[in-house]
Amino acid sequence: MIRFENVSVTYDGAARPAVRDVDLEVPEGELVLVVGPSGVGKSTVLGAVGGLVPHFTGGTLRGRVTVAGRDTRTHKPRELADVVGTVGQDPLSHFVTDTVEDELAYGMESLGLAPDVMRRRVEETLDLLGLADLRDRHISTLSGGQQQRVAIGSVLTPHPKVLVLDEPTSALDPAAAEEVLAVLQRLVHDLGTTVLMAEHRLERVVQYADQVVLLPGPGERPWMGAPADVMAVSPVCPPVVELGRLAGWSPLPLTVRDARRRAAPLRERLEGGRPEPDTAAARTAAPARRLFGRAKKENAGVPEPVAQARSLAVRRDRVQALTRVDLTVSPGETVALMGRNGAGKSTLLGALVGLVAPSSGSVRTGGAVPHRTRPRDLVRKVGLVPQEPRDLLYADTVAAECAAADRDAEAEPGTCRALLGELLPSVADDMHPRDLSEGQRLTLALAVVLTARPPLLLLDEPTRGLDYAAKARLTAILRRLAAEGHAIVMATHDVELAAELAHRVVLLAEGEVIADGPSAEVVVASPAFAPQVAKILAPQPWLTVAQVKEALER
Ligand SMILES: Nc1ncnc2c1ncn2[C@@H]1O[C@H](COP(=O)(O)OP(=O)(O)OP(=O)(O)O)[C@@H](O)[C@H]1O
Ligand SMILES: Nc1ncnc2c1ncn2[C@@H]1O[C@H](COP(=O)(O)OP(=O)(O)OP(=O)(O)O)[C@@H](O)[C@H]1O
């Protein structure tokens, strides 16, 4: 259905091709997953299927790509739209209309489908993707995950033969990701739709793939094979595979279920052990103790919270985004805010940093009322790295961005650049922030925010679009900041990150806090939020492969 013959793509001005010698054949009715570290060219391969590369991106494509027999050199993306539906990494750039219903209908309208067919498919898709309550909403008022669902829905309605999805679950909560993948699998099985998909969070998707294409490194030849064979050698793999490799299981399990079946001997070896104190599960109580000691000297034994919300309610337009939220954050503490799409996580972060005002109740950050505090005073109390780090960056070189951050924070000139150099030694001063990889851009935004040394650091979905190596670097940086006494609150759908890093998990549902406690207890109590290792080794207390590895080496 999709065929790449000796394809290389070189972007304008690039010294080397972004992808080279790609020979692939994706059969009709298969779900094929494209994996590889950041920047190896996954999006380039996906974009070439619908002709967006090179027609929209610029650059030169050598070789031949055909979809359903149509050559993308001679067929413009518009002329492929009836066969290929593409969702890129950024849902916002995808939207052409203003409301959810219009967006779902738009693709069908351009293909001239009959009104009754359009109506039926819109209704079906609203139900299928849990969007019925949002049908009249303006897309710009939707949460990140709600927007991603609309973007996926809008390519499903025309029933294309081929679906190309670039990180389709990056903004979705774990349950929504499962629902979307179940929908895709049904299309593949029942309608024979062909799906080509790239995704960093392999723990969510690898078990659905019929075949996996591995791009091992920039410009290296891709390799396509059965999921278990590719995972055995892939530089990127989900925790279940990493655990399987550690335990020497062969063939490698790809699902929690398969791994549980083989885990008895490993459980026996680990029996009676507990995670080391420097890993998240066991660190839970540590910051409170340490701070208690420090605070005693300062004021009568109660550590001063860096942020506090009491009975906080926020209305956004017609939507009650938060109701009666109580939250206290202490210095040195890392808190993961989790919960379904639209639960109110970004709104809560927005309230802590003064972007949204409470409709009732109160919020204090560093003793100030955030939405009434001047930004230049607030930057020294709290900093937010937004879901899209680009929203924070506006200069056209890395150096100018750093200089502006120093000015905004009234910091010594060179402060931000020095921080960035520490976090990301390889980045050049004259690079445009737009040309940085996702992980590099996130780190730059983090350095900009840290320039003012805020005691409270807020991160919205910090691992979106990051590969496992970039995620490990971010984890190390955040651990160090927490150890230095920064409080960190991160909204995340990444259960593996929460298990790795958070002392505490706060679970939101429909604007209310429904659980608030040590990570190990909160995540393990819910199948949706438990990391893979916890599910495989339950009832033992392990959450991450690192903890298991450490215990086996003890
Ligand atoms: N429109 C463009 N113009 C110039 N260079 C580009 C363009 N798009 C991508 N590149 C470069 O091509 C290379 C491959 O990028 P691509 O986005 O395909 O990688 P990827 O594997 O999808 O990465 P990620 O996992 O971070 O999304 C990178 O070095 C990137 O900087
Ligand atoms: N500007 C706005 N106008 C109206 N409603 C809004 C606006 N912004 C957000 N909402 C609604 O408020 C609710 C909470 O949104 P919020 O972005 O806080 O959710 P979230 O938990 O961060 O979701 P996600 O996991 O998808 O990022 C959602 O129902 C959303 O649609």
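Bear in mind the structure is a predicted one, so any value in this text is a computation, not a measurement.

Calculation criteria
- Residues numbered from 1 in each chain as written.
- Chains lettered and ligands numbered in written order.
- Predicted model: local features only at pLDDT ≥ 70, side-chain atom pairs only at ≥ 80, totals over all residues.
- Buried ≥ 20, exposed ≤ 12 C-beta atoms within 10 Å, placed from the backbone.
- Helix = DSSP H or I, 4+ residues; strand = E, 2+ residues; numbered from the N terminus.
- Pairing = 2+ DSSP bridges.
- Near = placed C-beta within 6 Å.
- Nonpolar A, V, L, I, M, F, W, Y, C, P; charged D, E, K, R; others polar.
- Axes fitted to C-alpha atoms, helices over the stretch in contact; angles between N-to-C directions.
- Contact = placed C-beta atoms within 7 Å.
- Expected span 1.5 Å × (residues − 1).
- UniProt positions renumbered as here; feature names shortened; annotations may be inferred.
- pLDDT = per-residue confidence, 0-100.
- Parallel < 35°, antiparallel > 145°, perpendicular 65-115°, else oblique.
- Left-handed = near helix turned anticlockwise from the far one by under 90°.

(A) Structural view of the pairing of strand S13 (residues 334–338). Burial of S13 is extensive: 5 of the 5 residues sit out of reach of the surface. Across the two faces of S13 the burial is the same, with Thr334, Ala336 and Met338 and Val335 and Leu337 all buried. As judged from the 4 bridges shared by S13 and strand S17 (residues 487–491), these two strands associate in the parallel manner. Bridge assignment links Ala336 to a residue of S17, and that residue is Met490. Pairing between S13 and strand S18 (residues 504–509): 4 bridges, direction parallel. Note that in S18 the partner of Met338 across the bridge is Leu507.

(B) Quick peek at the sheet that holds strand S4 (residues 60–67). Spatial strand order, S2-S1-S4-S5: 4 strands in an open sheet with antiparallel pairing. At either end of the open sheet lies a strand with only one pairing partner, and these are strand S2 (19–26) and strand S5 (70–71). Summarising the sheet, strand S1 (residues 2–10) and S4 pair through 7 bridges and their orientation is antiparallel. Residue pairing across strands places Ile2 opposite Val67, the latter belonging to S4.

(C) Fine view of the site of ligand 2. The environment of ligand 2 is made up of 21 residues, and the closest members are Thr141, Ser143, Gly145, Ser346 and Thr347. Those elements that provide at least two residues to the shell around ligand 2 are helix H6 (144–156), strand S12 (319–329) and helix H15 (345–352). Each residue belonging to the shell around ligand 2 can be placed in one class, and the counts come to 6 nonpolar, 11 polar and 4 charged.

(D) The arrangement of the site of ligand 1 in detail. Around ligand 1 sit 15 residues, and of these Tyr11, Ala18, Lys42, Ser43 and Thr44 come closest. Here the shell around ligand 1 takes 3 residues from helix H1 (residues 42–49), the largest share from any one element. Each residue belonging to the shell around ligand 1 can be placed in one class, and the counts come to 4 nonpolar, 9 polar and 2 charged.

(E) Structural detail: the sheet that holds S13. Strand order in the open sheet made by the 6 strands is S15-S16-S17-S13-S18-S19, with mixed pairing throughout. Two strands bound the open sheet, and with one partner strand each, they are strand S15 (382–385) and strand S19 (512–518). For this sheet the average axis-to-axis angle between neighbouring strands, irrespective of direction, equals 15°. The pairing of strand S16 (residues 456–460) with S17 spans 5 bridges and is classified as parallel. Bridging across to S17, Asp460 finds its partner in Ala491. Across the sheet, helix H19 (residues 438–450) lies against S15 and S16, angled at about 170° from S15, the strand it touches most. Together, S13, S16 and S17 form the strand contacts of helix H20 (residues 468–483), whose direction differs from that of S17 by roughly 140°.

(F) Molecular detail of the environment of Leu128. In this fold, Leu128 is placed in helix H5 (residues 115–128). The class for Leu128 is buried, based on 20 C-beta atoms found within 10 Å. Sequence separation between Leu128 and Asp98 is 30 residues; the distance between their C-alpha atoms is 21 Å.

(G) Region of the structure containing unusual backbone geometry. Residue Ser250 is joined to Pro251 through a cis peptide bond whose omega torsion reads -5°. Inspection of the secondary structure assignment puts Pro251 in the loop between helix H10 (239–247) and helix H11 (256–262). Geometrically, the link from Ala538 to Pro539 is a cis peptide bond, its omega value of 10° lying close to zero. Mapped onto the fold, Pro539 is located in the loop between helix H23 (532–537) and helix H24 (545–553). Of note in the backbone geometry, Arg453 takes a positive phi value of approximately 50° without being a glycine. Within the secondary structure, Arg453 is located in the loop between H19 and S16. According to the C-beta neighbour criterion, Arg453 is partly exposed, with 16 such atoms within 10 Å.

(H) Structural view of H19. Across its 13 residues, H19 extends 18 Å between first and last C-alpha, which sits within 8% of the 18 Å expected from 1.5 Å per residue. Along H19, 13 of the 13 residues are buried, which leaves the element largely enclosed by surrounding structure.

(I) Broad picture of the UniProt feature "domain: ABC transporter" (unreviewed entry) in the chain. Annotation from UniProt places "domain: ABC transporter" (unreviewed entry) at residues 2–243 and 307–535. Here residues 2–243 runs as 37% helix and 22% strand, with 34 Å between its end C-alpha atoms. Each end of residues 307–535 is marked by a C-alpha atom, and these two atoms are 33 Å apart; helix forms 34% of the span and strand 26%.

(J) Just the environment of Ala368, in detail. Secondary-structure assignment places Ala368 in the loop between strand S14 (360–365) and helix H16 (375–378). Excluding its chain neighbours within four sequence positions, the residues that come into contact with Ala368 are Thr373, Leu378 and Lys381.

(K) Structural detail: the environment of Pro303. Here Pro303 is to be found in the loop between helix H14 (286–298) and strand S11 (307–316). With 21 C-beta atoms packed within 10 Å, Pro303 lands in the buried category. The spacing of Pro303 and Glu410 is 107 residues in sequence and 28 Å in space, taken between C-alpha atoms.

(L) Structural context of the confidence of the model for the chain. Per-residue confidence for the chain averages 90 on the pLDDT scale, and 95% of its residues sit at or above 70. The low-confidence segment residues 279–299 (pLDDT under 50) makes 44 contacts with residues lying over four places distant or belonging to another chain. Of the two predicted TM-score estimates for the complex, the pTM is 0.90 and the ipTM is 0.94.

(M) Main features of the packing of helix H18 (residues 415–423) against H19. Between H18 and H19, the shortest axis-to-axis distance is 9 Å and the interhelical angle comes to 140°. As judged from the angle between their axes, H18 and H19 are oblique. Taken as a pair, H18 and H19 cross one another with a handedness that is right-handed. On H19, the residues touching Cys416, Leu419, Leu420 and Leu423 of H18 are Thr443, Leu444, Leu446, Ala447, Val448 and Leu450. Tallied by class, the residues present in the contact of H18 with H19 amount to 9 nonpolar, 1 polar and no charged.

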